[in-house]
Amino acid sequence: MEKKIIIAIDGHSSTGKSTVAKQLAKALGYIYVDTGAMYRAVTLYAMRKCFIKDSHFNQEAIERYLPFINIKFKLNKKTGIAEVLLNNENVENEIRKLSVSNNVSQIAAISLVRQKLVQQQKLMGAERGIVMDGRDIGTVVFPDAELKIFMTATAKDRAERRYKEITERGEQVSYEDVLKNVVNRDHIDSTRKDSPLRKAEDAITIDNSNMTLDEQFQKILELAKQAASTKER
């Protein structure tokens, strides 16, 4: 694949967007950017500052402190995965906790937060050769992406995958709480005013409810090769 393209992967939470995006980036020699991790990092910052606590949500304070939030990705040479740094602190594990998941959609709904992160994301893809996943990559960040994928699955299947992932890390959660989180995030992501989750008109839907990880990867890899081949011509 000589001609590098932009691959935008959007979809519902816990559909495995990050997993397949990482696989694609590695197979193609592309840069992978997990935009969801960026919103999670902002969420963690707000939680640490107590801007988010129980039912308390101080949007004004979050917006005021945005200039003090610096997010970077650093490659872990052992795993080959780019990990998230929040103000130079590796927070890769912390941002994956259910407590962060329960608040990230509220953070992502703040227009100033989205503006700050979308600007950074656009710069990351300036030279193409990038795989980026999130909620608005194909509709807002890279509407001109050569390949747009929209991933979905039933809430039940997504909750089961997410529950397995969380418990394997040693975190104690109930399946019911994870399912509730998945359903709530779907609602917030799809109904927010700024850049709601929606499928781009030219995106290809991948429903992976009954697909293995390898089947999913092979299908999207083939689509990527076709998109790059079309660009080259």
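Everything below is about the structure shown above.
Residues numbered from 1 in each chain as written. Predicted model: local features only at pLDDT ≥ 70, side-chain atom pairs only at ≥ 80, totals over all residues. Heavy atoms only, no water.

1. Topic: the overall build of the protein chain
Line of reasoning, step 1. Along the protein chain, the regular secondary structure elements total nine helices and ten strands.
Line of reasoning, step 2. Here the C-alpha atoms of the protein chain give a radius of gyration of 17 Å, agreeing with the 17 Å that 2.2 N^0.38 yields for 233 residues.
Line of reasoning, step 3. On the principal axes, the C-alpha backbone points of the protein chain span a range of 55 × 40 × 35 Å.
Line of reasoning, step 4. Out of the 233 residues belonging to the protein chain, those deemed buried represent 48%.
Line of reasoning, step 5. In the protein chain, of all internal contacts separated by at least 6 residues, the share reaching a separation of at least 24 is 72%.
Line of reasoning, step 6. Of the roughly 12000 Å² of accessible surface on the protein chain, 49% is carried by carbon and sulfur atoms. (Helix = DSSP H or I, 4+ residues; strand = E, 2+ residues; numbered from the N terminus. Rg over C-alpha atoms; globule rule 2.2 N^0.38 Å. Buried < 20%, exposed > 50% of the residue type's maximum accessible area, 1.4 Å probe, protein only. Contact = heavy atoms within 4.5 Å. Areas by Shrake-Rupley, 256 points an atom, 1.4 Å probe, with all protein chains shown as cover.)

2. Regarding helix H2 (residues 35-48)
Line of reasoning, step 1. In this model, H2 (14 residues) spans 20 Å end to end at C-alpha, consistent with the 20 Å of a helix rising 1.5 Å per residue.
Line of reasoning, step 2. Within the sequence span of H2, burial applies to Thr35, Ala37, Met38, Tyr39, Arg40, Ala41, Val42, Thr43, Leu44, Tyr45 and Ala46.
Line of reasoning, step 3. Immediately beyond the C-terminal end of H2, within one or two residues, lies Cys50, with a positive phi of roughly 65°. (Expected span 1.5 Å × (residues − 1).)

3. Points about the environment of Arg161
Line of reasoning, step 1. Mapping Arg161 onto the fold places it in helix H7 (residues 155-168).
Line of reasoning, step 2. Measuring from C-alpha to C-alpha, the distance between Arg161 and Glu171 comes to 14 Å, with ten residues separating the pair along the chain.
Line of reasoning, step 3. For Arg161, the side chain forms a polar contact with the main-chain oxygen of Asn208, separated by 2.6 Å. (Polar contact = N/O pair within 3.5 Å; in protein donor to acceptor, adjacent residues only side chain to side chain.)

4. Overview of the nonpolar core
Line of reasoning, step 1. Grouped together as the largest cluster of nonpolar side chains are 36 residues, with contacts concentrated most on Ile62, Ile71, Leu86, Ile107 and Val113.
Line of reasoning, step 2. Secondary structure elements with two or more residues in this core: strand E1 (6-11), H2, helix H3 (59-64), strand E6 (81-86), helix H4 (98-108), helix H5 (111-124), strand E8 (130-134) and helix H6 (137-141).
Line of reasoning, step 3. Looking at which element gives the most residues to this core, the answer is H2, with eight residues.
Line of reasoning, step 4. Ranked by size, the runner-up nonpolar core spans 22 residues in total, among them Leu28, Tyr32, Ile206 and Ile220. (Core = buried A, V, L, I, M, F, W, Y, C linked by side-chain atoms within 4.5 Å.)

5. As for the packing of H2 against H4
Line of reasoning, step 1. Interaxial distance between H2 and H4 falls to 8 Å at its minimum, and their mutual angle equals 105°. The orientation of H2 relative to H4 falls into the category roughly perpendicular. Taking contact as the criterion, the partners of Tyr39, Arg40, Val42, Thr43, Leu44, Ala46 and Met47 in H2 are, on H4, Ser99, Val100, Ser101, Asn103, Val104, Ile107 and Ala108.
Line of reasoning, step 2. Residue composition of the contact of H2 with H4, by class: nine nonpolar, four polar and one charged. (Axes fitted to C-alpha atoms, helices over the stretch in contact; angles between N-to-C directions. Parallel < 35°, antiparallel > 145°, perpendicular 65-115°, else oblique. Nonpolar A, V, L, I, M, F, W, Y, C, P; charged D, E, K, R; others polar.)

6. Focus on the sheet that holds E6
Line of reasoning, step 1. Taking strand neighbours across the sheet as the criterion, the three strands line up as E5-E6-E7 in an open arrangement whose pairing is antiparallel. Each of the sheet's edge strands pairs with one partner strand only, and the pair in question is strand E5 (71-76) and strand E7 (89-90).
Line of reasoning, step 2. Of the pairings in the sheet, the one linking E6 to E7 comprises two bridges and is antiparallel in character. Counted as the bridge partner of Leu86 is Glu89 from E7. (Pairing = 2+ DSSP bridges.)

7. Regarding the pairing of E6
The side chains of a regular strand alternate, first on one face of the sheet and then on the other.
Line of reasoning, step 1. Sheet topology places E5 next to E6; six bridges connect them, and they run antiparallel. Bridging across to E6, Lys74 finds its partner in Glu83.
Line of reasoning, step 2. The antiparallel pairing of E5 with E6 creates a hairpin that spans four residues between the two strands, and Gly80 there sits at a positive phi of about 75°.
Line of reasoning, step 3. Hairpin connection of E6 to E7: two residues between the antiparallel strands, including Asn87 at a positive phi of 50°.

8. Considering the packing of aromatic side chains
Line of reasoning, step 1. Scanning the model with the defined rule gives three aromatic pairs in all.
Line of reasoning, step 2. Plain terms: the ring middles of Phe51 and Tyr65 are 5.1 Å apart, the flat faces sit at 55° to each other, and that makes the pair tilted. Residue Phe51 is found in the loop between H2 and strand E3 (52-53), and its partner Tyr65 is found in the loop between H3 and E5; the two are separated by 14 residues along the sequence.
Line of reasoning, step 3. Classification of Tyr65 as partly exposed rests on a relative accessible area of 27%.
Line of reasoning, step 4. Between Tyr65 and Phe68 the ring centres are 5.7 Å apart and the planes differ by 55°, which places this aromatic pair in the tilted class.
Line of reasoning, step 5. Taking relative accessible area as the criterion, Phe68 reaches 54% and is therefore assigned exposed.
Line of reasoning, step 6. What links up through ring pairs into an aromatic cluster is the set Phe51, Tyr65 and Phe68. (Phe/Tyr/Trp six-rings, centres within 6.5 Å; stacked < 30°, edge-to-face > 60°.)

These figures come from the coordinates and say nothing about function on their own.
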